[in-house]
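In case you want the letters, here they are:
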Amino acid sequence: MQKIVTLKGTKDGFQLLVDQAAAFQTVLDEISKLIEPLKKEATADKPLELTIKTGNKLFTDKEKNATITLIEEKSHLKVKNIEAEVVTIDSALKWHNEVSTKLQISTVRSGQIIEAEGDLLLVGSVHPGGIVKATGSIFILGDLRGTAHAGAKGKKDSVVVANFSYDAQVRIVDHVHVIEQPDTKVSEGSSTVEVVYLDDLHILRISPLSDIKNLRPELGNVTGGLING
């Protein structure tokens, strides 16, 4: 007969494996029996950490709280985490939204703001006074003369790729770089497509587009919200 809960010792503490087919109350009853002997091995001054693995069984917040309360009140174990091999639909949709590239075909004029969750691919130009903003990276197939703000919620490995032949402002997280070109008129059709990124010293750098694979190799690993490789 398969055990409802199984306790395994690790170098970092303990792991509690839960039978995903068992009823929750049965799991609580078995945990209560199992942790009783552990009082001798852990003290209030030096609690042992416990990670609970529930497999394909996803505990609700109420069930998590009940489990943690039971364990920490009946023993000196400290619940480090409750891990499942499944996620909620809301969590999956949020993750998909964060890693998917949003396509926008538009000219961003002065005073306009385009915002996106995740990466943004803009087919069009950004005029002076226009702003494009994304929580991920920004790729502009057109001229950037306004402001591009990537990593708007703190994603430091975000980049901005655009034609930087004109005066513009680039932001990654809260770091700002102002691009100023000479007053000499840019010849029609000229293009300087480059990548702006945040280096290890938290300084914004500009590099040729050909360097992007070395700078951010992970960019090529996400397609349509799926991680390749």
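Definitions and cut-offs
Residues numbered from 1 in each chain as written. Predicted model: local features only at pLDDT ≥ 70, side-chain atom pairs only at ≥ 80, totals over all residues. Heavy atoms only, no water. Helix = DSSP H or I, 4+ residues; strand = E, 2+ residues; numbered from the N terminus. Buried < 20%, exposed > 50% of the residue type's maximum accessible area, 1.4 Å probe, protein only. Contact = heavy atoms within 4.5 Å. Areas by Shrake-Rupley, 256 points an atom, 1.4 Å probe, with all protein chains shown as cover. Pairing = 2+ DSSP bridges. Axes fitted to C-alpha atoms, helices over the stretch in contact; angles between N-to-C directions.

Enquirer: Please set out the overall build of the protein chain residue by residue, giving values where relevant.
Expert: In terms of regular secondary structure, the protein chain is built from four helices and 17 strands. The buried share of the protein chain, reckoned over its 229 residues, is 36%. Contacts in the protein chain between residues at least 24 apart in sequence constitute 38% of all its contacts with a sequence separation of at least 6. Surface accessibility of the protein chain: about 13,700 Å² in total, with carbon and sulfur atoms responsible for 51%.

Enquirer: So what about the sheet that holds strand E2 (residues 13-18)? Which residues, and what values?
Expert: Taken together, four strands build an open sheet; the order of strands is E1-E2-E3-E4 and the sheet is mixed. Both edges of this open sheet fall to strand E1 (5-10) and strand E4 (77-83), since each of them pairs with a single strand only. Across the sheet, the mean angle separating the axes of adjacent strands is 25 degrees when strand polarity is ignored. Relative to strand E3 (residues 48-53), E2 runs parallel, the two sharing four bridges.

Enquirer: Describe unusual backbone geometry, with residues and values.
Expert: Even without being glycine, valine 173 reaches a positive phi, approximately 55 degrees. One non-glycine residue, histidine 202, lies in positive phi territory at about 60 degrees. Tracing the chain through its elements places histidine 202 in the loop between strand E14 (193-198) and strand E15 (204-208).

Enquirer: Please give an account of the environment of leucine 58 that cites residues and values.
Expert: Mapped onto the elements, leucine 58 comes out in the loop between E3 and helix H2 (61-74). For leucine 58, a relative accessible area of 37% gives the class partly exposed. Leucine 58 sits 29 residues away from valine 87 along the chain, and the two C-alpha atoms are 7.5 Å apart.

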